[in-house]
Amino acid sequence: MNTLLIKSLVSGILSASVSITGGVSTPVNTNQIAVDPIERKADKLDAWIDSLVAKESEGKAHIKILDHNDRYSYGCQQFQMETFESYIKRYNLLPYAEYSELENMIYDCDFQKLLTRKMIEENPENWRHWYTSVAKRGLGVPPAIKSNQLAGR
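What counts, and at which threshold
Residues numbered from 1 in each chain as written. Predicted model: local features only at pLDDT ≥ 70, side-chain atom pairs only at ≥ 80, totals over all residues. Heavy atoms only, no water. Pairing = 2+ DSSP bridges. Helix = DSSP H or I, 4+ residues; strand = E, 2+ residues; numbered from the N terminus. Salt bridge = Lys/Arg side-chain N within 4 Å of Asp/Glu carboxyl O. Buried < 20%, exposed > 50% of the residue type's maximum accessible area, 1.4 Å probe, protein only. Axes fitted to C-alpha atoms, helices over the stretch in contact; angles between N-to-C directions. Parallel < 35°, antiparallel > 145°, perpendicular 65-115°, else oblique. Left-handed = near helix turned anticlockwise from the far one by under 90°. Contact = heavy atoms within 4.5 Å. Nonpolar A, V, L, I, M, F, W, Y, C, P; charged D, E, K, R; others polar. Phe/Tyr/Trp six-rings, centres within 6.5 Å; stacked < 30°, edge-to-face > 60°. Lys NZ or Arg CZ within 6 Å of the ring centre and 35° of its normal. Disulfide = S-S within 2.5 Å.

Participant: Can you explain the sheet that holds strand β3 (residues 64–66)? Please cite residues and give values.
Facilitator: An order of β3-β4-β5 is seen for the three strands of this open sheet, with the pairing classed as antiparallel. Among the strands making up the open sheet, the edge pair consists of β3 and β5 (79–80). Bridge count for strand β4 (residues 72–74) against β5 is two bridges, and the pairing is antiparallel. Within β5, the residue paired with Tyr74 across the bridge is Phe79.

Here it is as structure tokens:
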């Protein structure tokens, strides 16, 4: 097992330890994640994201489910790989990651929470990626994000 320890504050909200497993040991650039050193306190969006995790996977990080569209959904927030890759590229979070690293990162719940936060901050309508949990399981739409919360990002 090859272990990569990433200690970064990503957009001021994530300090994560990431385990990457596999048979081949490859050096990884620990500066892969764009870092913004601004710290902030947990807010209503964090609470909403935690509730989303409960609705999607009951907090299980290493879960893989065949979804209604015949594609697999992964991890605590049940991202599909295409969506996961698309938004990682959009936000330039792992610019040097190879596909095998993405396959491991998709199971990292802290990273999924970071990605979800960025998606909702950019466009609150992105909640639709979790339509079943939001609309059918009763989570409700994410809280409004005040413009001063986004300042400096």
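Further notes follow.
Participant: Any details on the pattern of salt bridges? Residues and values, ideally.
Facilitator: Taken as a whole and judged by the stated rule, the model has seven salt bridges. The residue Glu58 makes a salt bridge to Lys60 at a minimum N-O spacing of 3.5 Å. Judged by relative accessible area, Lys60 falls into the partly exposed class, the value being 43%. Residues participating in the shared-partner salt-bridge network are Asp43, Asp46, Arg117 and Glu121.

Participant: Tell me what's going on with unusual backbone geometry, and back it up with residues and numbers.
Facilitator: Although it is not a glycine, Asp70 sits at a positive phi angle of roughly 65°. Exposure remark for Asp70: the relative accessible area of 65% places this residue in the exposed category. One non-glycine residue, Gln78, lies in the positive phi region at around 55°. Secondary-structure assignment places Gln78 in the loop between β4 and β5. Taking the relative accessible area as the measure of exposure, Gln78 reaches 12% and is therefore buried.

Participant: Give me the lowdown on the packing of helix α1 (residues 44–57) against helix α4 (residues 109–122), citing residues and values where you can.
Facilitator: With their axes 10 Å apart at the nearest point, α1 and α4 run at an angle of 125° to one another. One element, α1, and the other, α4, form an angle in the oblique class. Judged by the sense of rotation from one axis to the other, the crossing of α1 with α4 is right-handed. Taken together, the residues of α4 that come into contact with α1 (itself represented by Leu45, Asp46, Trp48, Ile49, Asp50, Leu52 and Val53) are Cys109, Lys113, Thr116, Arg117, Ile120 and Glu121. Among the residues making up the contact of α1 with α4, the classes are represented as seven nonpolar, one polar and five charged.

Participant: Quick rundown of the packing of aromatic side chains? Include the residues and the values.
Facilitator: Counted by the stated rule, this structure contains six aromatic pairs. A centroid spacing of 5.7 Å and a plane angle of 85° characterise the contact between Tyr74 and Tyr107, whose relative ring orientation is edge-to-face. Placement of the pair is Tyr74 in strand β4 and Tyr107 in the loop between α3 (99–105) and α4, with a sequence separation of 33 residues. Taken together, the aromatic side chains of Phe79, Phe84, Phe111 and Trp130 make up a single cluster linked through ring pairs. Seen from the ring of Tyr72, Lys64 lies directly overhead, with NZ or CZ sitting 4.4 Å from the centre. Positioned above the aromatic ring of Tyr91, the side-chain terminus of Lys118 is 5.8 Å from the ring centre.

Participant: Which residues make up the state of the cysteines, and what values go with them?
Facilitator: This structure, assessed with the given rule, holds one disulfide. Disulfide pairing is shown between Cys76 and Cys109; the S-S distance is 2.2 Å. Judged by the torsion about the S-S bond (100°), the Cys76/Cys109 disulfide is right-handed. Of this pair, Cys76 sits in the loop between β4 and β5 while Cys109 is found in helix α4, placing the two residues 33 residues apart along the sequence. You can call Cys76 buried: its relative accessible area is 0%.

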